Amino acid sequence: MTIEVSDDLRTELMEINFGPHHPSTHGIFRFIATLDGEVVVDIEPYIGYLHRGIEKLAENKKYMTGFPLYDRLDYIASLTYELCFCLALEKLMEIEVPERAQFIRVILVELQRISTHLIFYATTGLEAGAYTPFLYAFREREAILRLLEMATGARMTTNYFRIGGVKWDLPEGFEKELRKLLSKFPSRLEEYDQLLTGNEIFCQRMKNIGILGPEIAINIGVSGPTLRGSGVRFDLRKAEPYSGYDRFDFDIPYGLKGDAYDRYLVRLQEMRQCLRIISQAIDGLPGGDFRARVPKVIKPPAGEVYMRTEGTRGELGFYIISDGSANPYKVKIRAPSFVNIMALKPMVVGHTVPDLILIFGSIDIVMGEIDR
Amino acid sequence: MPGEKNELEELYFKARLSLLNLKDRIQETLRDLKVQVEAEEAEIIVRVDRGDLLEVLQRLKEESRISFDLLLDMVGLDLGKELEMMYYLCASEPWQILVIKVPLPAEGGTVPSIASLFKGADWYEREIHEMLGIQFSGRKEIERLFTSEQQEGFPLRKDFRG
């Protein structure tokens, strides 16, 4: 059957508004999509709903008084920001961190990397209409959060790392609990694989959407799993090892095509590599101090420092200027999601609205660090 | 796979050129421009006048032997007496960071937009524009990113009191 369309039939572009409060926006994010039928022809993101002015606040606080602010940037991976800030100041003040502290930091940061990737896994499933994986992923995330609570005293905003080390040593029984988790986690990962990667409908939805080529990814400055999904094998833990990452044996997973499916696979494989790092770190955990001798009031020498680390979503950067006083003169934070989200437009143009949600989810942003 | 790991590490190792070599190369690339190249610890700092900024970035990006093709970060600074723009560039192979510093007058001033060279500069420029009051020329109309129209003054300037 054919439908006759007269030549003078006119179609118009339609603008639809998403958010700021929308379940698929992972926070308070708004975008206006211009549609031609169901195909996205243009998209304009709007941010700033969570802007707290953390960079300005930090200038008016002492170094360690402002420290808990950085937890609230990426509130589901707070330790990654703490680590980067501590490393930056340690670089400026030339403090040698004890080995034990370095290992503890690596263990906890990698645990948190798994937990944020689990959230990604869970929400990606939700966005594709698969509800079950969500419950499984949150079961394991809960176990990780319990471990973090055991070590740091808090589940999310941990405030645990200190300049020169960590706040206190790992508690008794932590190692036993961690090993319990490590022993059961590989089989759980298999389960995840079967639940989503083994789901043909999910795979067909994710494949060939939101393709981001390596050239454009580099031109925008995308980093982390989103960059590696596009086939660029770059990971700061390898390229410029910090906090003793050069002592651990692990691989960098990367995608071939740069579509949403590749970004999903990269994160799933990264969880396996995290497990490898954690088990090496806990096996080789040295004794000794958990914190270097550091003055109570931090007064770094005048100067500037730029430190970057591999966060869970990409490259984290702290640029700090010290004028020799107890307050930082300037703190600039490079948030990976802030840059990654700029790749949304080249990814979604030409795709349909349901795919838009999936592509957006595959960048895995967190609004706290975009708005700062 | 241990073999793969060694191969990758060797690649990074080889990729790191000595800083002084690199400094000479960059000086050679930019020889006819008014720039000042310094090498400090692991970074190379290039001080540029705002008129030459685009030309310098273009040349560094298209330099055949070491291409600074990744814009890591853009920082706007209020140094009290003057403002300053900083561009953190990164070359992927060999792996190296380079900082470009552009001095600006204290009341604001205009720098050329680099969004045509690096797509990722767009939001950085919008942020710096609203937070520090620096103008960017040669780009599409600049809109606020974080704050609303009611916001007065430039929050990241040192004399700003909320």
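Residues numbered from 1 in each chain as written. Chains lettered and ligands numbered in written order. Predicted model: local features only at pLDDT ≥ 70, side-chain atom pairs only at ≥ 80, totals over all residues. Heavy atoms only, no water.

As annotated in an unreviewed UniProt entry, chain B carries the name NADH-quinone oxidoreductase subunit C/D and is attributed to Candidatus Hakubella thermalkaliphila. Turning to chain B, the UniProt annotation filed under Sequence similarities (unreviewed entry) states: "Belongs to the complex I 30 kDa subunit family." (UniProt positions renumbered as here; feature names shortened; annotations may be inferred.)

The name an unreviewed UniProt entry assigns to chain A is NADH-quinone oxidoreductase subunit D, from the organism Candidatus Hakubella thermalkaliphila. Entered under Catalytic activity (unreviewed entry) in the UniProt record, the comment concerning chain A runs "a quinone + NADH + 5 H(+)(in) = a quinol + NAD(+) + 4 H(+)(out)". The record held by UniProt for chain A lists under Sequence similarities (unreviewed entry) the comment "Belongs to the complex I 49 kDa subunit family."

A.B. asks: I tried to follow the overall build of chain A on my own but got confused; where do I start?
C.D. replies: The helix and strand inventory of chain A stands at 15 helices and 8 strands. At 22 Å, chain A has a C-alpha radius of gyration in line with the 21 Å of a compact globule built from 372 residues. Projecting the C-alpha coordinates of chain A onto the three principal axes gives extents of approximately 80 × 45 × 35 Å. Evaluated residue by residue, chain A yields a buried proportion of 61% over its 372 residues. Intrachain contacts of chain A at a sequence separation of at least 6 include 72% that bridge at least 24 residues. A total of about 14,200 Å² of accessible surface is found on chain A, and carbon and sulfur atoms cover 53% of it. Side-chain charges of chain A comprise 45 positive and 50 negative groups, with the mean position of each set lying 7 Å from the other. (Helix = DSSP H or I, 4+ residues; strand = E, 2+ residues; numbered from the N terminus. Rg over C-alpha atoms; globule rule 2.2 N^0.38 Å. Buried < 20%, exposed > 50% of the residue type's maximum accessible area, 1.4 Å probe, protein only. Contact = heavy atoms within 4.5 Å. Areas by Shrake-Rupley, 256 points an atom, 1.4 Å probe, with all protein chains shown as cover. Lys, Arg positive; Asp, Glu negative; His and termini not counted. Charge placed at Lys NZ, Arg CZ, Asp CG, Glu CD.)

A.B. asks: Even after reading the chapter, I still don't get the pairing of strand S2 (residues 43-48) of chain B, so can you show me in this structure?
C.D. replies: On any regular strand, side chains alternate: one points to one face of the sheet, the next to the other face. All names here are of chain B. A large share of S2 lies buried, amounting to 5 of its 6 residues. For S2 and strand S5 (residues 96-104), the ladder comprises 5 bridges, and the chain directions are parallel. From the neighbouring strand, Ile45 faces S5, where its bridge partner is Val99. (Pairing = 2+ DSSP bridges.)

A.B. asks: Looking at this structure, how should I read the packing of aromatic side chains?
C.D. replies: Note on aromatic pairs: each is described by the distance of the centres and the angle between the planes. All names here are of chain A. For the structure on display, the rule yields 27 aromatic pairs over all chains. Ring centres of Tyr70 and Phe85 lie 4.6 Å apart, and the angle between their planes is 35 degrees; this geometry places the pair in the tilted category. Taken together, the positions of Tyr70 in helix H2 (residues 67-71) and Phe85 in helix H3 (residues 78-93) put the pair 15 residues apart, joining distant regions of the chain. In this structure, Tyr70 and Phe85 share a single accessibility class: buried. Grouped by ring-pair contacts, the aromatic residues Phe67, Tyr70, Tyr81, Phe85 and Phe318 constitute a single cluster. Between Lys207 and the ring centre of Tyr261, over which it is positioned, the NZ or CZ distance is 5.0 Å. Of note, Arg267 hangs over the ring of Phe120, and the distance from its end group to the ring centre comes to 4.3 Å. (Phe/Tyr/Trp six-rings, centres within 6.5 Å; stacked < 30°, edge-to-face > 60°. Lys NZ or Arg CZ within 6 Å of the ring centre and 35° of its normal.)

A.B. asks: What should I look at first to understand the state of the cysteines in this one?
C.D. replies: Per the counting criterion, the structure on display carries 0 disulfides over all chains. Of all cysteine sulfurs in the structure, the one in Cys84(A) sits closest to Cys274(A), which takes part in no disulfide; the separation is 17 Å. (Disulfide = S-S within 2.5 Å.)

A.B. asks: For this particular structure, what's the right way to read the sheet that holds strand S7 (residues 315-322) of chain A?
C.D. replies: Residues and elements named next belong to chain A. The 3 strands are arranged S6-S7-S8 in an open sheet whose pairing can be described as antiparallel. The outermost strands of the open sheet, each flanked by one partner alone, are strand S6 (303-310) and strand S8 (328-334). This sheet shows a mean twist of 10 degrees between the axes of neighbouring strands, independent of strand direction. Here S7 runs beside S8; their pairing, made up of 6 bridges, is antiparallel. (Axes fitted to C-alpha atoms, helices over the stretch in contact; angles between N-to-C directions.)

A.B. asks: How do you make sense of helix H4 (residues 99-127) of chain A when you look at a structure like this?
C.D. replies: An ideal rise of 1.5 Å per residue puts 42 Å on 29 residues; H4(A) measures up with 42 Å between its terminal C-alpha atoms. The element H4(A) is extensively covered by neighbouring structure, given that 27 of its 29 residues are classed as buried. (Expected span 1.5 Å × (residues − 1).)

A.B. asks: Help me understand the sheet that holds strand S1 (residues 35-40) of chain B, please; the structure alone is not making it clear to me.
C.D. replies: To summarise the sheet geometry, strands pair through backbone hydrogen bonds and adopt either a parallel or an antiparallel arrangement. Residue and element names in this part refer to chain B. Judged by pairing direction, the sheet is mixed, and its 5 strands sit side by side in the order S1-S2-S5-S4-S3 without closing on themselves. Strands with a single pairing partner mark the edges of an open sheet, and in this sheet they are S1 and strand S3 (70-78). Geometrically, the sheet is characterised by an average inter-axis angle of 20 degrees between neighbouring strands, direction not taken into account. Strand direction decides the pairing type here: strand S4 (residues 83-91) and S5, joined by 9 bridges, are antiparallel. By the bridge assignment, Ala91 is partnered in S5 with Gln96. Most of the contacts of helix H3 (residues 53-62) go to S5, to which it runs at about 170 degrees, and overall it touches S1, S2, S4 and S5. The strands touched by helix H4 (residues 121-132) within the sheet are S3 and S4, with S3 carrying the most contacts at an inclination of about 5 degrees.

A.B. asks: What's the story with helix H14 (residues 353-363) of chain A in this structure? I'm lost.
C.D. replies: Since one α-helical turn is 3.6 residues long, residues separated by three or four positions face the same way. With 10 of its 11 residues buried, H14(A) lies for the most part within the structure. Here H14(A) has its buried residues at Val353(A), Asp355(A), Leu356(A), Ile357(A), Leu358(A), Ile359(A), Phe360(A), Gly361(A), Ser362(A) and Ile363(A).

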